[in-house]
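Here is how the chains run, residue by residue.
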Amino acid sequence: MMNPPISRMGGKSKLRKNIIKMIPGDHICYVEVFLGAGWVYFGKEPSKVEVINDTDQELINLFKMLKYHGEEVERLLSYEVVSRDNFYDYRDQDFSKLTEVQRAVRFMYLSAQSFASRGISFGYSALGKPSPKLFKTNCLIEIKKRLSNTYIENLDCFKIIEKYDRSTTFFFCDPPYIETEGYKDKFGTEEHIRLYESLKSIKGKFLITLNDNEFVRDLYREFSIEEVDVTYSVSRDKAARKSYGELIIKNY
Ligand SMILES: C[S@@+](CC[C@H](N)C(=O)[O-])C[C@H]1O[C@@H](n2cnc3c(N)ncnc32)[C@H](O)[C@@H]1O
């Protein structure tokens, strides 16, 4: 199973095997509405038509650059040095002056070298050595191949659902969790209700993952709901890492 080139908050690394088993075999078009690092997309077998989407421009720019200029991103990353100064220089840089390839390198650097891959504070540890390998560059050419037949979109989830909805389309949705902050774009209760409204009347199939709570259970009550337990490790403190209930909801 292929791994994504970056980590990202809320990544589906733990749950992806369960999700992949549930993807309906009869779809033609696979749409990953909220890509993030894309654990499910990279883990599954390619579908006939594939679409990956996220509103985060820098994230989508990275995947576009890997698709078209993967070798150049890999070459430039090989010159990078990991240090606190370089990290904060990159973080605070006016990236509008960079080329698209340089922006992709910057994004990978910040994601790989920050705590919880959030690109905010320099990641280090007093208990563990730094990794000998700075970036997962050895996989970039495989990633480039994987992306070669995929549409890469940078649209709001509602637009992407509307554009690709057919009876033969399967949408995998992993939106920001309810009451979770940390993404650039706000996705609150109002957006969750809108998402439910657009999914409930689609012609295609959907599978959505959400954190387990009464609001979600009530909202999606007419659909099949399965509970799963996942342990998240976003905290620095091992003892604070918790197991949370998560829901897998589908309309088939
Ligand atoms: C929980 S993460 C997805 C994690 C992903 N499944 C993985 O394995 O890494 C949610 C993603 O939704 C994106 N997002 C937030 N609001 C969005 C919107 N309105 N439409 C599309 N994507 C959005 C965020 O940028 C973030 O990357």
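Residues numbered from 1 in each chain as written. Predicted model: local features only at pLDDT ≥ 70, side-chain atom pairs only at ≥ 80, totals over all residues. Heavy atoms only, no water.

With respect to the packing of helix α3 (residues 57-77) against helix α6 (residues 140-147)
At a minimum axis distance of 8 Å, the contact between α3 and α6 shows a crossing angle of 170°. In terms of their interaxial angle, α3 and α6 are classed as roughly antiparallel. Of the residues in α6, those touching α3 at Phe 63, Leu 66, Lys 67, Tyr 68, His 69, Gly 70, Glu 71, Val 73, Glu 74 and Leu 77 are Leu 140, Ile 141, Ile 143, Lys 144 and Leu 147. When the residues that make up the contact of α3 with α6 are grouped by side-chain class, the tally is nine nonpolar, two polar and four charged. (Axes fitted to C-alpha atoms, helices over the stretch in contact; angles between N-to-C directions. Helix = DSSP H or I, 4+ residues; strand = E, 2+ residues; numbered from the N terminus. Parallel < 35°, antiparallel > 145°, perpendicular 65-115°, else oblique. Contact = heavy atoms within 4.5 Å. Nonpolar A, V, L, I, M, F, W, Y, C, P; charged D, E, K, R; others polar.)

Here's the deal with the site of the ligand
Around the ligand lies a shell of 23 residues, among which Lys 12, Ala 37, Asp 54, Asp 156 and Asp 174 are the nearest. In the environment of the ligand, an oxygen atom lies 2.9 Å from a nitrogen or oxygen atom belonging to the backbone of Ala 37. With respect to the ligand, the backbone of Cys 157 contributes an N or O atom lying 3.0 Å from a nitrogen atom. Here the ligand, which alone exposes 610 Å², has 98% of that area covered by the protein. Partitioned by chemical class, the residues of the shell around the ligand number eleven nonpolar, six polar and six charged. (Near = heavy atom within 4 Å. Polar contact = N/O pair within 3.5 Å; in protein donor to acceptor, adjacent residues only side chain to side chain. Areas by Shrake-Rupley, 256 points an atom, 1.4 Å probe, with all protein chains shown as cover.)

Looking at the pattern of salt bridges
With the rule as written, the count across this model stands at 16 salt bridges. Measuring nitrogen to oxygen at the nearest pair gives 3.2 Å for the salt bridge that ties Asp 174 to Lys 12. In this pair, Asp 174 sits in the loop between β4 (169-173) and α8 (189-200) while Lys 12 sits in the segment before α1 (16-21), placing the two residues 162 residues apart along the sequence. Judged by its relative accessible area of 13%, Asp 174 falls in the buried class. Residue Glu 58 pairs with Arg 103 through a salt bridge whose shortest N-O separation is 3.0 Å. With Glu 58 in helix α3 and Arg 103 in helix α5 (residues 100-113), this residue pair connects regions lying 45 residues apart in the sequence. (Salt bridge = Lys/Arg side-chain N within 4 Å of Asp/Glu carboxyl O. Buried < 20%, exposed > 50% of the residue type's maximum accessible area, 1.4 Å probe, protein only.)

Section: the side chain of Glu 32
Structurally, Glu 32 is set in strand β1 (residues 29-32). Buried charge Glu 32 goes without a salt bridge, the closest partner of opposite sign being Lys 44 at 7.2 Å. A polar contact is formed between the side chain of Glu 32 and the side chain of Tyr 30, at a distance of 2.5 Å. Not counting residues up to four positions away in its chain, the partners in contact with Glu 32 are Gly 38, Trp 39, Val 40, Tyr 41, Val 51, Ile 52, Asn 53 and Phe 172. (Lys, Arg positive; Asp, Glu negative; His and termini not counted.)

With respect to the packing of aromatic side chains
Taken as a whole and judged by the stated rule, the model has 13 aromatic pairs. Considering the side-chain rings of Tyr 30 and Phe 170, the 6.0 Å spacing of their centres and the 40° angle between planes classify their relative orientation as tilted. Pair noted here: Tyr 30 is in strand β1 and Phe 170 is in strand β4, with a separation of 140 residues, a long-range link. Accessibility classification places Tyr 30 together with Phe 170 in one group, the buried group. Relative to Tyr 88, the ring of Phe 87 has its centre 5.0 Å away and its plane inclined at 85°; by these criteria the two rings are edge-to-face. An aromatic cluster is present here, built from Tyr 196, Phe 206, Tyr 220 and Phe 223 joined pairwise through their rings. Across from the ring centre of Tyr 124, 4.7 Å away, lies the NZ or CZ of Arg 84, which sits over that ring. When the ring centre of Phe 158 is taken as reference, the NZ or CZ atom of Arg 194 above it lies at 3.8 Å. (Phe/Tyr/Trp six-rings, centres within 6.5 Å; stacked < 30°, edge-to-face > 60°. Lys NZ or Arg CZ within 6 Å of the ring centre and 35° of its normal.)

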